[in-house]
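Observations on chain architecture
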Amino acid sequence: MFELHVRLDSATYSVLIRSLCQIGDYGRAKELYDDLSEKDILLSNVGCKPLVAAYNPMFEYFCGNGKTNKAERVFRQLMKRGTQDPSSYKTLIMGHCMEGTYEARYELLVWLLRKDFVPDVEIYESLIDGFL
């Protein structure tokens, strides 16, 4: 795509990242994810509105590997565009629970509730376990 001088928008990144995750190529997906994050492409009004669900595999990958803050940076850009997904909140909250970052997970829970999303039992259990 770069050789064709095609400008990549958030929709293009979404499809590429999700597809690479589906085939297990997290290395290349991470490169695109980093490019997306650094260039603030998600904040651009060019192209389609991004779908948060397309980024969930990367969120899960980063949260499962101790890099929840990296996942949350892109999630926050998505929030600024007005796109959110309850399962993304769950993934990030669970990631913060595993990493022991209490304030960050509480802040996400508050955002989740403000958006009228209802946390599931698993979120509450992980929050309680973290406070014990």
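Criteria and cut-off values
Residues numbered from 1 in each chain as written. Predicted model: local features only at pLDDT ≥ 70, side-chain atom pairs only at ≥ 80, totals over all residues. Heavy atoms only, no water. Core = buried A, V, L, I, M, F, W, Y, C linked by side-chain atoms within 4.5 Å. Buried < 20%, exposed > 50% of the residue type's maximum accessible area, 1.4 Å probe, protein only. Helix = DSSP H or I, 4+ residues; strand = E, 2+ residues; numbered from the N terminus. Contact = heavy atoms within 4.5 Å. Salt bridge = Lys/Arg side-chain N within 4 Å of Asp/Glu carboxyl O. Phe/Tyr/Trp six-rings, centres within 6.5 Å; stacked < 30°, edge-to-face > 60°.

With that settled, consider the nonpolar core. Inside soluble globular proteins, nonpolar side chains tend to come together where they are buried. Core analysis: the largest hydrophobic core is formed by 33 residues, its most contacted members being Ile17, Tyr55 and Phe59. Mapped onto this core, the elements with two or more residues apiece are helix H1 (10-22), helix H2 (26-38), helix H3 (56-64), helix H4 (68-80), helix H5 (86-99), helix H6 (102-114) and helix H7 (121-131). With near-sequence residues (within four places) excluded, Phe59 lies in contact with Tyr33, Val52, Ala71, Val74, Phe75, Leu78, Ser88 and Thr91.

Tracing the backbone through its elements, the reader meets Ser14 in helix H1. Note on Ser14: relative accessible area 7%, which makes it buried. Sequence spacing of Ser14 and Pro50 is 36 residues, and the spatial spacing of their C-alpha atoms is 7.0 Å. Ignoring anything within four residues of it in the chain, the contact list for Ser14 reads Pro50, Leu51, Ala54 and Tyr55.

The final tally for this structure, using the stated rule, is 7 salt bridges. In this structure, Glu72 and Arg76 form a salt bridge, with 2.8 Å as the shortest nitrogen-oxygen distance. With Glu72 and Arg76 both in helix H4 and 4 residues apart, this pair spans about one turn of that helix. Of the charged contacts, one joins Asp120 and Lys90 as a salt bridge, the two residues approaching to 2.8 Å between their closest N and O atoms. Taken together, the residues Asp120 in the loop between H6 and H7 and Lys90 in helix H5 connect sequence positions 30 residues apart. In the salt-bridge network here, residues are joined through shared partners; they are Lys30, Asp34 and Lys70.

Attention shifts here to the packing of aromatic side chains. Within the structure shown, the criterion is met by 6 aromatic pairs. For the ring pair Phe59 and Phe75, a centre distance of 6.1 Å and an interplane angle of 85° mean the geometry is edge-to-face. Within this pair, whereas Phe59 is found in helix H3, its partner Phe75 is found in helix H4, the two being separated by 16 residues in sequence. Considered together, Phe59 and Phe75 belong to a single accessibility category, that of buried residues.

By themselves, these figures tell us nothing about what the structure is for.
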